[in-house]
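# Structural overview
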Amino acid sequence: MPHTESAGMLLLTLLLPLFGFIAVLFIDKAQEKAIRFTTMMISLLTFGFSLPLWFSFNSSIDGFQFYTNIPWISSTDSGFRIGIDGMSLLLVLLTTFIMPIALLSSFEPIKKRVKEYYAMMLLLELGMLGVFISLDTMVFYVFWELILIPMYFLIGIWGGKDRIYAAVKFFLYTLVGSLLMLLAIVWLGLYAKGLPGGHFTTDFLVLREIAPSIPMDIQIWLFLAFALSFCIKVPLMPFHTWLPDAHVQAPTAGSVILAGVLLKMGTYGLIRFNVELFPMAMHQFAVPIAWLSVAGIIYGALVAMVQTDIKKLVAYSSVSHLGFVVLGIASMTPEGLQGAIIQMVNHGLSTGMLFLCVGALYERRHTREISEFGGITKVMPKFAVFFVIAILASVGLPGLNGFIGEFLTLFGAFQSPFLNNPWFSILSSTGVIFSAVYLLWMFQRVMFGTNDNPSNHSLKDLHRSEYWQLVPMVIFIVWIGIYPSTFMSKSELYVQTLIGKVEKKIFGTTKYPLIKAATSVEPGTSNEVHGGH
Amino acid sequence: MVELIYLVPLLPLIGFLIIGFFGKKLNNEKLVGAIASIAVGGAFLVALGAFLQLTGESSEARTEHIVRLFTWIQAGSFHIDIAYQVDQLSILYTLIITGIGTLIHIYSIGYMHGDKSFPRFFAYLNLFVFMMLNLVLANNFVLTFLGWEGVGLCSYLLIGFWYDRKFEGSHIVWTGDAAKKAFIVNRIGDFGVLIAMCLIYMRFGSLEYTTVNMAAASGGIDAGLITAITLLLFLGCTGKSAQIPLGIWLPDAMAGPTPVSALIHAATMVTAGIFLIARNSTLFALSDTTMAIITGVGITTALIAATIGIVQNDIKKVLAYSTVSQLGFMFMALGVGAYTAAVFHVMTHAFFKALLFLGSGSVIHGMHEEQDIQKMGGLKKYMPQTYITFLLGTIAISGIFPFSGFFSKDEILWNAYANGSPILWGAGVLAAFCTAFYMFRLLYLTFYGEERFDHHHVHPHESPVTMTLPLWILAILSVFGGLLGIPKALSGGADINILEHWLEPIFANANSILASHHTNAHHHSLALEWGLMAASLAIAIIGILYAASLYKKSSSKPAEMAAKNKGLYNILWNKYFVDEIYHNVFVAPMYKISLDFLWKIVDVQIIDGIVNGSARAIAVSAENLRKIQSGIAQNYALMMLFGIVAIIAWMVFA
């Protein structure tokens, strides 16, 4: 694939957080204001630079745009191959959008080791953007693992009481998964080498071409190695127990990013690698994965219901909500996949906002126990408005964003010829009832009733910085709810082409447009086809 | 005007946005109330214009107005527009919603006067009207679903409007509990609608009403599938319209301010279930099973709610059970295929039940927030206008000729007999008897007899004109509204049933399907129809007289009767213990399993046990392996020896 003309824009978006990270390292740690200012400016700039990507992205072209390749390790044919399609575009924008908000939410609560904190945040942004735009398995892996470092410290240093346990648990869980992924990446490279005239490569585009020729039994092992890593990240039940601990211990900004962006790396990976590389294996595992999603949806909701800590409740709700995303992926229908992609964005917005709201309460009271609150609406009426909007978005109220994603994933799963069983959707739909149960019950106990606890009598309503965090979220929550086409049109072609290819491979026919048929191409020649780098 | 139909929902939306954003800053009750009322009133005028345009068209042309605004959801082959469908059914509902809505907005200016959250109330009310209009004007299921859940949200917000007040109910302490209960119970119904939409799209490839019902009319659809679809939709209706098994939320919804009870929980939102079935009459007509279940659920709900209403002492709760009961009547009508009669009753019920609720609000207002009719009595002389209008509404709901309730109730009963069975008719008449009885009990206990309130603290007074004017308008509608549906039996055979003519094209397909199912329908004589009519009228009058004998003058008779039938009284007083049964069978066990098994065992012990266990195992083995690295050369030599022996042994024996 040749370099696209405006590839520099994408590269700059990726590198800005790195520049920022280096810049912050050079600022004296006593200059806390300067550190905050620099970080904020860098993250806003990154958002600013990502906007032209949005506007110059051509939704009618299949394949990756803003593509560029900077060779890195020649012996493994690894390079900074980066580029975005409709799916990664949405996630890149989500990342650059949420980052300034998360930073803003840190200004008040983060008092110790300010310099390290903001440096870590920028490193985190670098890692997340890298994951979403890498088109090289090795580089993807590096970014994937890079994220562990800042996240480990964010939880471990600025976290709550049991932060060390949570940080280690987060680290180990993720590491176990990703080691298997590394093995799979190496195996894929070796396979490319073993083909006639081939050589070791980590070029995703080449691997995607040759992957279907891998013997089926081995494809399954590779599929599972990738899937485990991603399912832990999502997290899919039963790999989820790191999440509640990580969320409860993480500082607010950490939770916002964790829920808002990090978990999407798992679902993104499932689509990018599992579906794109091994559609046949995905076909075989669609049903068990769908069952795990359904279990997660119901299980996460029921466990969320009995929590007494608001943050833990929201954390378990993530397990439930991400189940819808994975169900949509497993459905392998355009409706389900489109629903899954928009639901990734939705969950980032609405759960991110829920964590901001929980953070606002924690800031004021330094507790998250539901029983400590009650009648808060009386003293914080404006906060109540935002809190209720976040909750309604989360419960999937039509007119707000959550409905679009949930409805399409349920719908996709219902129609799916791969799952071929309406019970996935029927059982998952109970999640719609349960989410109303646990979220509204929590809201009612925290916000309604009389304000009896003396510690809550003089809580201050939202301040200006909190408006700046919450209002942008609300704008997009409503926007996606009423006019989702703005966003979904970006990924429409990508999804249709992908499903078209998958259906062609499995059923022999498809009703979706095929821009170019996927054929097994020799890596040597295909490298030249995609050459130009 | 039809092309401008989007203005109808848009105006209340604008009202909501203005009041929502600036209501507090305006700090002017009159202005806020005016904006909200004008928004809904303006919507009424636009709807009226569209209605007048429709009246000038042929009946075929009336069904063909679809106004598309923009694409809402587009994914793969799935496509849904924001589009409105203007026809005889939707415009009728629109007129009822905006018309009664305007009156209730005006009434609320007086009722909510002085409330610290005055603007918030009107913002919610406008939002409600917006959602309700989307529900009825939508040309597809998904947009209706937006309205459907949206009205649920507004209901939630308005039931919990006084969030810091207590409210008594089973497992309910705060108004917020009641609000949450309403939302969640409704969501159980919405779950059915969601699945039904999936099934409909799978079979029909569309979620637009016209496409789906046209395809259904042409036949060839698996009966089991149709039954599944319609039953799932009906589950949604039982939630929204408070029928068995999901009717338990409505009486608790009375925690909201009274105008809310009038608008949402009597006149409009709760009739959404009837609307959904009427909108899809063709689909429903195709399944005899579903129709039979709807009939059964309707009449059972009507009877159960009516009997509970007899013993309640909270003025609003009596009206709430009455609403549940009347809705049951409407479902019974739908079940026997009397779609027009059901919609007719929706309309007349909207008139007199809104009137009765607003009247009760006027009483509560004048009695300083007292709702217990045991502590009222003799209010007739203090609030004459409220009394007279309330009396008119009570006569109307009791179904006395020639008030509006008589015509719609009688049409339902007649259809229950003609298309159903004499038993169904009998059950309906029994429910009607209870209705007449408890409504006049309510009237007498409130306005007649000795004054049982504390004269030192309570000084009953008539309400201001913003409240009494809507009462009078609704009273006039309650008295004369029935003239829109005069049956042939009473017009001497002349065809003057305006409503039936108006709605005929909407239900034409459904009616012809039903007619083909019931080939052996016999023709009943006019004399029989008159006889049944006279009988039901006589029974209603007996109900009234019985109530008068017990309650018109204060006496100890009712208390003695309650004491004599203690068991029965307890069952009725506790609403057949449905709330308790649900709590103990579903809610409590689910909570316990989630807490004690799913979380504490599966999550904490099993999954985390494995995770922490494997981490500990690694730590322990590392700890032990570390000991091997002792730094003592002899140990290393010894180990080497063992190793060599082992290798030799392996080479020799293997």
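Being a predicted model, the structure only gives us computed values, none of them experimental.

Before going further, it helps to examine the overall build of chain B. Along chain B, the regular secondary structure elements total 25 helices and 4 strands. Seen through its C-alpha atoms, chain B measures out along the principal axes to roughly 120 × 70 × 55 Å. Looking at chain B residue by residue over its 654 residues, the buried ones come to 59%. Summarising the internal contacts of chain B: among those between residues at least 6 apart in sequence, 80% fall at separations of at least 24. In chain B, which carries 36 positive and 38 negative side-chain charges, the distance between the mean positions of the two groups comes to 9 Å.

Residue and element names in this part refer to chain A. Running from amino to carboxyl end, helix H13 (residues 310-331) crosses helix H18 (residues 423-447) at an angle of 160 degrees, the nearest separation of the two axes being 11 Å. Comparing their axes, H18 and H13 come out roughly antiparallel. The way H13 lies across H18 gives a crossing that is left-handed. When H13 is examined against H18, the residues Ile-310, Leu-313, Ser-317, Ser-320, His-321, Phe-324 and Leu-327 are found in contact with a partner set consisting of Phe-424, Ser-428, Ser-435, Tyr-438, Leu-439, Met-442 and Val-446. Its residues assigned to classes, the contact of H13 with H18 comprises 9 nonpolar, 5 polar and no charged.

Here we come to the pattern of salt bridges. Inspection of every chain in the model, using the stated rule, returns 20 salt bridges over all chains. The salt bridge involving Asp-203 of chain A is made with Arg-81 of chain A; its shortest N-O contact spans 3.1 Å. Highlighted residues: Asp-203 of chain A in the loop between helix H7 (163-194) and helix H8 (204-210) and Arg-81 of chain A in strand S2 (residues 78-84), separated in sequence by 122 residues. Residues Lys-181 of chain B and Asp-252 of chain B are paired through a salt bridge, measuring 2.6 Å at the closest nitrogen-oxygen approach. Here the residue Lys-181 of chain B occupies a position in helix H6 (residues 175-204), and Asp-252 of chain B occupies one in helix H9 (residues 249-252), the gap between them amounting to 71 residues. Here Lys-181 of chain B matches Asp-252 of chain B in class, with each residue buried. Salt bridges sharing common partners tie together Asp-77, Arg-81, Asp-136 and Asp-203 of chain A.

Turning our eyes to something else, we now look at the confidence of the model for chain B. Looking at chain B, pLDDT values average 90 and 99% of them are 70 or higher. This prediction of the complex comes with two scores: 0.92 for pTM and 0.90 for ipTM.

Residue and element names in this part refer to chain B. Position of Ala-285 relative to the elements: it lies in helix H12 (residues 281-285). The class of Ala-285 is buried, set by a relative accessible area of 0%. Beyond its immediate chain neighbours, meaning those up to four positions away, Ala-285 contacts Met-291, Tyr-339, Ala-510, Ile-513, Leu-514 and His-517.

A cluster of basic side chains, namely Lys-382 of chain A together with Lys-24, Lys-25, Lys-116 and Arg-165 of chain B, defines a positive patch on the protein surface. Positionally, Arg-165 of chain B belongs in the loop between helix H5 (141-159) and strand S3 (166-169).

Attention now moves to the packing of aromatic side chains. Counted under the stated rule, the structure contains 70 aromatic pairs over all chains. Ring centres 5.0 Å apart and planes at 75 degrees place the aromatic pair Phe-97 of chain A and Phe-476 of chain A in the edge-to-face group. Note that Phe-97 of chain A is positioned in helix H3 (residues 86-104) and Phe-476 of chain A in helix H19 (residues 464-482), a separation of 379 residues in sequence. On the accessibility criterion, Phe-97 of chain A (11% relative accessible area) is buried. Ring geometry for Phe-403 of chain A and Trp-72 of chain B: centres 6.0 Å apart, planes at 25 degrees, overall stacked. Within this pair, whereas Phe-403 of chain A is found in helix H17 (residues 401-415), its partner Trp-72 of chain B is found in strand S1 (residues 65-75), the two belonging to separate chains. Using a relative accessible area of 3% as the deciding quantity, one classes Phe-403 of chain A as buried.

Calculation rules
Residues numbered from 1 in each chain as written. Chains lettered and ligands numbered in written order. Predicted model: local features only at pLDDT ≥ 70, side-chain atom pairs only at ≥ 80, totals over all residues. Heavy atoms only, no water. Helix = DSSP H or I, 4+ residues; strand = E, 2+ residues; numbered from the N terminus. Buried < 20%, exposed > 50% of the residue type's maximum accessible area, 1.4 Å probe, protein only. Contact = heavy atoms within 4.5 Å. Lys, Arg positive; Asp, Glu negative; His and termini not counted. Charge placed at Lys NZ, Arg CZ, Asp CG, Glu CD. Axes fitted to C-alpha atoms, helices over the stretch in contact; angles between N-to-C directions. Parallel < 35°, antiparallel > 145°, perpendicular 65-115°, else oblique. Left-handed = near helix turned anticlockwise from the far one by under 90°. Nonpolar A, V, L, I, M, F, W, Y, C, P; charged D, E, K, R; others polar. Salt bridge = Lys/Arg side-chain N within 4 Å of Asp/Glu carboxyl O. pLDDT = per-residue confidence, 0-100. Patch = residues over 30% accessible without salt bridge, like charges linked within 9 Å, V, L, I, M, F, W, Y side chains within 5 Å. Areas by Shrake-Rupley, 256 points an atom, 1.4 Å probe, with all protein chains shown as cover. Phe/Tyr/Trp six-rings, centres within 6.5 Å; stacked < 30°, edge-to-face > 60°.

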